[in-house]
Amino acid sequence: MAHFPAEFSLDEVTKEMLLAVIERKRKWEYLEKRTLLLQVAAFAGLAVFSLYIVLNGAAFGTWSERFTWFFAAPVHVSFLLFLCTVYWAAVYYKGKSEKAEEEFHALRCEIIQKSIDLWKEEEQWNKRHQVFAWMKREYDINLYYEHR
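Residues numbered from 1 in each chain as written. Predicted model: local features only at pLDDT ≥ 70, side-chain atom pairs only at ≥ 80, totals over all residues. Heavy atoms only, no water.

Trainee: In this structure, what is going on with the nonpolar core? I would like to understand it.
Mentor: Judged by nonpolar contacts, the single largest core of 31 residues is most densely connected at Phe4 and Met135. Elements supplying a minimum of two residues to this core: helix H1 (12-57), helix H3 (74-113) and helix H5 (122-139). Apart from the residues lying within four places of it in its own chain, the contact partners of Met135 are Phe4, Leu18, Val21, Ile22, Asp140, Ile141 and Leu143. (Core = buried A, V, L, I, M, F, W, Y, C linked by side-chain atoms within 4.5 Å. Buried < 20%, exposed > 50% of the residue type's maximum accessible area, 1.4 Å probe, protein only. Helix = DSSP H or I, 4+ residues; strand = E, 2+ residues; numbered from the N terminus. Contact = heavy atoms within 4.5 Å.)

Set out below in structure tokens:
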């Protein structure tokens with residue numbers, strides 16, 4: 001939970017919007033990390049499994065013998081299904097990550113567009129750059145302009 005410095009004198013609506021954009025950024029970063037971890041796991045597992053198949057399957061002369069050898073061991077099929085599941089999970093989390101990124105940027109842009117309504121008083125408007133700088137420094141959230 002973020003705690004805003006007292007000198008910002010933000011109203012509750014502004015605080016809630018800023019807290020929401022921080023939370024969406026955290027969710028997006030979490031999903032990005034999970035996606036990367038699953039992608040690396042799927043690639044590494046596939047590389048190791050392929051090496052195992054190539055080294056052990058090379059002893060068989062024909063493709064039909066290799067095919068029979070592969071499906072004769074349930075562990076081969078089980079590991080292949082496991083790799084497919086890890087790959088599917090990576091694709092699933094990639095989609096969730098992209099959606100979380102869109103939600104984050106949409107709310108960030110909404111804050112930028114409504115900044116004139118959020119910082120209504122002249123004193124607040126003149127000090128809003130302090131809030132923007134703090135958000136950039138603490139959470140790497142850019143509220144200066146809408147471009148990603």
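Trainee: Looking at this model, I keep getting lost on a nonpolar patch on the surface. Mind explaining?
Mentor: Where nonpolar side chains cluster on the molecular surface, the patch consists of Leu51, Val54 and Leu55 and spans about 320 Å² of accessible area. Mapped onto the fold, Leu51 is located in helix H1. (Patch = residues over 30% accessible without salt bridge, like charges linked within 9 Å, V, L, I, M, F, W, Y side chains within 5 Å. Areas by Shrake-Rupley, 256 points an atom, 1.4 Å probe, with all protein chains shown as cover. Salt bridge = Lys/Arg side-chain N within 4 Å of Asp/Glu carboxyl O.)

Trainee: Hey, could you run me through the environment of Phe82 in this one?
Mentor: Along the chain, Phe82 falls in helix H3. We classify Phe82 as partly exposed; its relative accessible area is 48%. Between the C-alpha atom of Phe82 and that of Thr62, which follows or precedes it by 20 residues, the distance is 27 Å.

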